[in-house]
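Overview (structure and organization)
So you can see what is in the structure, the chains are spelled out below.
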Amino acid sequence: MTISVGDTLPDVALVKATAEGPQQVQASDYFAGKKVALFSVPGAFTPTCSAKHLPGFVEKAADLKAKGVDEIVGTAVNDAFVMGAWNSAAGSDDITMLADGNGDFAEAVGLTMDGSGFGMGKRGQRFSMVVNDGVVEQLNVEAPGDFKVSSAEHMLDQM
């Protein structure tokens, strides 16, 4: 079942990419007490994700924070080392990368896709959400192959 506005995020483990190395976090603890703009991509370093999705959140970070967002989080079904390298290459200190290496988060929120045709296996769909104290306030799920509603610009327009 797909997560909906008003639902609490499932309490699954994610791995935060840090300068000191991977750090496991529980979603219930990590998202508690703050407003988070979260975006999910099928994979770090993939074309649309690297050319549009991550750069949009980097560019609009100050605008999102001006609207009350405490933290911007990117996630993908990649390991923490890949997510950290992607943020170093194309992101910024304004973005926190949470790796969903086994796809547990994507599965728990009901937003998986099959990328086997591209050699990618099971991945998370492209989506964004605003999470306030662990509760989904806004959810934007892309149609396959699209990049419109999960962008930072769309999120800002909704705030």
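Treat the numbers as computed from the prediction; the structure is a model and nothing was measured.

Topic: the overall build of the protein chain
Check the secondary structure of the protein chain and you find 6 helices and 9 strands. Whereas a compact globule of 159 residues would reach a radius of gyration of roughly 15 Å, the protein chain reaches 14 Å, a difference of no more than 12%. Counting only C-alpha atoms, the protein chain reaches 40 × 35 × 30 Å along its principal axes. In the protein chain, buried positions account for 47% of the 159 residues. Across the protein chain, contacts joining residues at least 24 apart in sequence account for 62% of those joining residues at least 6 apart. Looking at the protein chain as shown, the accessible area adds up to about 7300 Å², and 48% of this sits on carbon and sulfur atoms.

A few points about the environment of S151
Following the sequence through the fold, S151 ends up in the loop between β9 (135–141) and α6 (152–158). For the pair S151 and F39, spaced 112 residues apart in sequence, the C-alpha to C-alpha distance is 8.1 Å. With residues up to four places along the chain from it excluded, the contact list for S151 reads H53, F57 and E142. At a separation of 3.0 Å, a polar atom in the side chain of S151 contacts the main-chain amide nitrogen of H154.

Let's talk about the side chain of K34
With respect to the helices and strands, K34 occurs in the loop between α1 (27–30) and β3 (35–40). From its side chain, K34 meets the backbone oxygen of Y30 in a polar contact 3.0 Å long. Once you skip the residues sitting within four places of it in the chain, K34 turns out to touch D70, E71, V131, N132 and D133.

Looking at the pattern of salt bridges
Considering all chains together, one arrives at 6 salt bridges under this definition. Note that K35 and E137 form a salt bridge whose closest N and O atoms lie 3.8 Å from each other. Of the two residues, K35 is situated in strand β3 and E137 in strand β9; the sequence distance between them amounts to 102 residues.

So, the sheet that holds strand β1 (residues 13–16)
Taken together, the 7 strands give an open sheet; going across it, the order is β2-β1-β5-β4-β3-β8-β9, and neighbouring strands pair in mixed fashion. Whereas interior strands pair on both sides, the edge strands pair on one side only; in this sheet they are β2 (23–26) and β9. The average undirected angle you get between the axes of adjacent strands in this sheet is 30 degrees. Sheet topology places β3 next to strand β4 (residues 71–76); 5 bridges connect them, and they run parallel. Counterpart to A37 in the pairing with β4 is I72. Along the sheet, helix α4 (residues 80–90) makes contact with β1, β4 and β5 (95–99), crossing β5 at roughly 160 degrees.

Description of the packing of aromatic side chains
How two aromatic rings sit relative to each other is set out by the distance from centre to centre and by the angle between their planes. Evaluation of the coordinates by the stated rule reveals 2 aromatic pairs. Each ring, one from Y30 and one from F31, has its centre 5.6 Å from the other, and the planes form 75 degrees; the classification is edge-to-face. Exposure remark for Y30: the relative accessible area of 10% places this residue in the buried category. Looking at F31, the relative accessible area reads 0%, which means it is buried. Pairing F39 with F57 gives two aromatic rings, centres 4.4 Å apart and planes at 10 degrees, and the pair type is stacked. With F39 in strand β3 and F57 in helix α2 (residues 47–59), this residue pair connects regions lying 18 residues apart in the sequence. F57 matches F39 in its accessibility class, with the two residues each being buried. Its end group placed over the ring of Y30, K34 keeps NZ or CZ at 3.9 Å from the ring centre.

About the cut-offs
- Residues numbered from 1 in each chain as written.
- Predicted model: local features only at pLDDT ≥ 70, side-chain atom pairs only at ≥ 80, totals over all residues.
- Heavy atoms only, no water.
- Helix = DSSP H or I, 4+ residues; strand = E, 2+ residues; numbered from the N terminus.
- Rg over C-alpha atoms; globule rule 2.2 N^0.38 Å.
- Buried < 20%, exposed > 50% of the residue type's maximum accessible area, 1.4 Å probe, protein only.
- Contact = heavy atoms within 4.5 Å.
- Areas by Shrake-Rupley, 256 points an atom, 1.4 Å probe, with all protein chains shown as cover.
- Polar contact = N/O pair within 3.5 Å; in protein donor to acceptor, adjacent residues only side chain to side chain.
- Salt bridge = Lys/Arg side-chain N within 4 Å of Asp/Glu carboxyl O.
- Pairing = 2+ DSSP bridges.
- Axes fitted to C-alpha atoms, helices over the stretch in contact; angles between N-to-C directions.
- Phe/Tyr/Trp six-rings, centres within 6.5 Å; stacked < 30°, edge-to-face > 60°.
- Lys NZ or Arg CZ within 6 Å of the ring centre and 35° of its normal.

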